[in-house]
Amino acid sequence: MKHPLKRAIFWSVTMTLLASALFANQANITLLNATVRPLQWVAHDDKTNQEVRETHCTAFSVNPAHRGWMTAAHCVVNSLGLPQTEHFLIDGHPATVTDVNVEDDIALLQTSNWGVIRGLKLAIRAPRQGDTLETLGYAWGIEHPFYFFGYVSSIEFPNYVFAQMPAVGGQSGSPVIDTSGRVVGVTHVGVGSTSSIAMSPILGFTPYKALVAYDAGWVFSR
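Rules used in this analysis
- Residues numbered from 1 in each chain as written.
- Predicted model: local features only at pLDDT ≥ 70, side-chain atom pairs only at ≥ 80, totals over all residues.
- Heavy atoms only, no water.
- Helix = DSSP H or I, 4+ residues; strand = E, 2+ residues; numbered from the N terminus.
- Buried < 20%, exposed > 50% of the residue type's maximum accessible area, 1.4 Å probe, protein only.
- Contact = heavy atoms within 4.5 Å.
- Salt bridge = Lys/Arg side-chain N within 4 Å of Asp/Glu carboxyl O.
- Core = buried A, V, L, I, M, F, W, Y, C linked by side-chain atoms within 4.5 Å.
- Arc of directions from axis to C-beta.
- Polar contact = N/O pair within 3.5 Å; in protein donor to acceptor, adjacent residues only side chain to side chain.

1. A short note on the overall build of the protein chain
Next, step 1: A tally of helices and strands in the protein chain yields three helices and 14 strands.
Next, step 2: Looking at the protein chain residue by residue over its 222 residues, the buried ones come to 44%.
Next, step 3: Look at the contacts in the protein chain between residues 6 or more apart in sequence, and 62% of them connect residues 24 or more apart.

Shown next as structure tokens:
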């Protein structure tokens, strides 16, 4: 491997793997896997004339005692901001939309007779530039979730915080957590995608202050 370009690629991949090993927080990965689930629609398959489950977004547990879940509002409303007519499922279990905040792109759902034991808690403070962040979501409708970590790159935009971490189609509604495993935002948008597979190098998520205002002392686990 004497060619300069090959050496550069080798070291780039090596450093990425080392960084992943260094910063990946196994406790947080376990927590995310216990609290994050695929948000699905019941759709009609014209070819088979049967109803099928389609994963479109991600939801996460915020209040397990009441089977409460949070996602992005654009996952459950149409372009006019009105509730969609689809039947929603969380990991295959029927769910009802209970509240929508289109302005901040946050929505709550409730499962009727199923839930998980754990719920995510709201962060104690807002993320700061350079803070390490983690997220997990069901991208591209694939059965198994994707885990990503990155850094806060900008907190200057009024409706978004931007992080240097991947954003993939279907990841909307995923929780963005800090190193303590608490929620600092909800995934909304990817910035800078240059391909047809909907993968972006920059992730945009809800400002912390919007979550604090929305929480009002009852949404998140205590």
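So that's the structure; there's more coming.
2. A word on unusual backbone geometry
Next, step 1: Not every positive phi belongs to a glycine, and Arg 67 is a case in point at roughly 55°.
Next, step 2: Take Arg 67: it is sitting in the loop between strand S2 (50-63) and strand S3 (68-71).
Next, step 3: Backbone geometry at Asp 91 places phi at a positive 55°, although glycine is not the residue there.
Next, step 4: Relative to the helices and strands, Asp 91 resides in the loop between strand S4 (87-90) and strand S5 (93-101).

3. Some remarks on the pattern of salt bridges
Next, step 1: Evaluated as defined, the whole model comprises two salt bridges.
Next, step 2: Between Arg 37 and Asp 91 there is a salt bridge, with its nearest N and O atoms 3.4 Å apart. Taken as a pair, Arg 37 in strand S1 (residues 36-45) and Asp 91 in the loop between S4 and S5 lie far apart in primary sequence, 54 residues in all.
Next, step 3: Arg 125 is the partner of Asp 131 in a salt bridge, and the nearest nitrogen-oxygen pair spans 3.0 Å.

4. As for the nonpolar core
Next, step 1: Membership of the largest hydrophobic core comes to 34 residues, with the highest contact counts inside it found for Phe 60, Met 70, Leu 133, Phe 205 and Phe 220.
Next, step 2: Excluding its chain neighbours within four sequence positions, the residues that come into contact with Phe 205 are Pro 127, Leu 133, Asn 159, Tyr 160, Val 161, Ala 163, Val 176, Val 184, Gly 185, Val 186, Thr 187 and His 188.
Next, step 3: Ala 72, Cys 75, Val 76 and Ala 107 belong to the second largest nonpolar core, which has 17 residues in total.

5. Here we look at helix H2 (residues 26-35)
Next, step 1: Restricting attention to buried positions, one finds in H2 the residues Asn 28, Ile 29, Leu 31, Leu 32 and Thr 35. Relative to the axis of H2, the buried residues are bounded by an arc of 160° and lie together on one face. More than 90 degrees from the buried face of H2, the exposed residues found are Gln 26 and Ala 27.
Next, step 2: At the N-terminal boundary of H2, the capping side chain belongs to Asn 25, with an oxygen 3.1 Å from the backbone nitrogen of Ala 27.

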